[in-house]
Amino acid sequence: MADRLLFSKTGRARYISHLDLMRTFQRAFSRAKIPIKHTEGFNPHPFVSIALPLSVGYSSQCEILEFGLLEGTSYEEAPARLTAAMPEGIIVHQCWPGERKLKELCYVNYIMTFDYPDGRPQACEPAMQELLSRESLVVKKKSNKAKAGYTETDLIPLIRSWHIECQSDTMTLDLVLSAQNPGLNPELIRSTFCAEYPEYAPDFVTFHRREVLGGEGKPFR
């Protein structure tokens, strides 16, 4: 049974890649003098694994890392010691023994904000409502495994719920999306909206992962 950490990744840390983030954690465990399990073989290294790797540029307050805590450090003291060894923007909030299987992690709650610094077009909200209310929304996704170089995916079954709030210069989507098998990256919603309604394309979009959820819709821990 693996142990787990809950951590946030915000600010400049958003631009740390997945592989670099794993190396960052490996070094942090060493600096914090927290002994963890290592891989076996000729070149053993500290074992860490991050569930649902986050796209570069996305922020999150609910990232989960798996590792194996050895004797000598308690679950209670690990978060503060690790955070002290982390770069700015990465904070470890919680440490616990992982009892649930990761395949039970079913949904992800994202906050996606469309920014219009010169003023939000009023029609962009009903346009987004129309898009997300369709019975089907098939898009092409790049795939190195497919002979055609892409696969077709219907986004609608992968969206569990959505809510829109608008301000004078922003449109914010509160989305609950399928996490895995298959998962839905909210970037596909952004790109599809801009392709369907190019006149309402925002100047830029931010993505924030707010919570990971089990099948019952409650936080996965």
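Our structure is the block above this text.
Values in this document were obtained by computation on a predicted structure and should not be read as measured data.

About the cut-offs
- Every residue gets a number counted from 1 within its own chain, in the order that chain's sequence is written.
- The predicted origin of the model limits local features to residues at a pLDDT of at least 70 and limits the giving and counting of side-chain atom pairs to 80 or more, whereas totals for whole chains, interfaces and linings rest on all residues.
- Only hydrogens and water are removed before side-chain values are computed, so all heavy atoms of the structure are retained for them.
- The way it works is a 1 Å grid over only the protein atoms, where trapped points that fit a 1.4 Å probe form a cavity and open points with protein on both sides within 12 Å along at least five of seven lines form a pocket, and then any residue with an atom within 4 Å of a point lines it.
- Grid points are joined across faces, edges and corners, and a volume is the space filled by probe spheres set on the points.
- The helix and strand labels rest on DSSP assignments: H or I over at least four residues marks a helix, E over at least two residues marks a strand, and numbering proceeds from the N terminus.
- Ten residues, namely Ala, Val, Leu, Ile, Met, Phe, Trp, Tyr, Cys and Pro, are considered nonpolar, four, namely Asp, Glu, Lys and Arg, are considered charged, and the remaining ones, Gly among them, are considered polar.
- Any residue under 20% of the maximum accessible area for its type is buried, any over 50% is exposed, and the rest in between are partly exposed; the area is computed with a 1.4 Å probe on protein chains only.
- Strands pair, by our definition, only if DSSP identifies at least two bridges between them.
- Contacts: residue pairs with any heavy atoms within 4.5 Å of one another.
- Any carboxyl oxygen of Asp or Glu within 4 Å of a side-chain nitrogen of Lys or Arg constitutes a salt bridge here.

Novice: So what's going on with the layout of surface pockets? Which residues, and what values?
Specialist: A probe matching the size of a water molecule, rolled over the atoms, marks out where space remains unfilled. In this structure, the largest pocket occupies an estimated 190 Å³ of space. Lining the largest pocket are 15 residues, with Pro53, Tyr110, Ala179, Leu184 and Arg209 positioned closest to its centre. Those elements that provide at least two residues to the lining of the largest pocket are β5 (105–115) and β9 (170–178). For the lining of the largest pocket, the per-class residue count stands at 10 nonpolar, four polar and one charged.

Novice: An account of the pairing of strand β1 (residues 3–9) is requested, with residue identities and associated values reported.
Specialist: Every other side chain in a regular strand lies on the same face of the sheet, so the side chains alternate between the two faces. Counted residue by residue, β1 has seven buried out of seven residues, so it is predominantly covered. Where β1 lies against strand β3 (residues 59–67), six bridges are found, and the strand directions are antiparallel. Within the sheet, the bridge partner assigned to Phe7 lies in β3 and is Glu63. Judged from the seven bridges that link them, β1 and strand β4 (residues 90–97) form a sheet pairing that is antiparallel. Across the sheet, Ser8 pairs through a bridge with Ile91, a residue of β4.

Novice: I'd love a proper account of the side chain of Ser60, names of residues and values included.
Specialist: Within the secondary structure layout, Ser60 lies in strand β3. Not counting the four nearest positions on each side in its chain, Ser60 is found in contact with Ser8, Lys9, Thr10, Leu54, His208 and Arg209.

Novice: Before we move on, could you go through unusual backbone geometry and cite the residues and values that matter?
Specialist: Cis geometry is adopted by the peptide bond preceding Pro182, which originates at Asn181 and carries an omega value of -5 degrees. Of note, Pro182 is situated in the loop between β9 and α4 (186–196). Non-glycine residue Lys33 carries a positive phi angle of around 55 degrees. Mapped onto the fold, Lys33 is located in the loop between α1 (18–31) and β2 (48–50). Positive phi outside glycine occurs at Leu52, with the angle close to 50 degrees. Taking the relative accessible area as the measure of exposure, Leu52 reaches 16% and is therefore buried.

Novice: Any chance you could break down the pattern of salt bridges for me, citing the residues and the numbers?
Specialist: Within this structure, the stated rule accounts for 12 salt bridges. Between Glu66 and Arg4 there is a salt bridge; the shortest N-O distance is 2.8 Å. Of this pair, Glu66 sits in strand β3 while Arg4 sits in strand β1, and the two are 62 residues apart along the sequence. Considered together, Glu66 and Arg4 belong to a single accessibility category, that of buried residues. Of the charged contacts in the structure, one is a salt bridge between Glu88 and Arg12, with a shortest N-O distance of 2.9 Å. With Glu88 in the loop between α2 (78–84) and β4 and Arg12 in the loop between β1 and α1, the pair connects residues that are 76 residues apart, well separated along the chain.

All quantities given are derived from atomic positions and should not be read as evidence of function.
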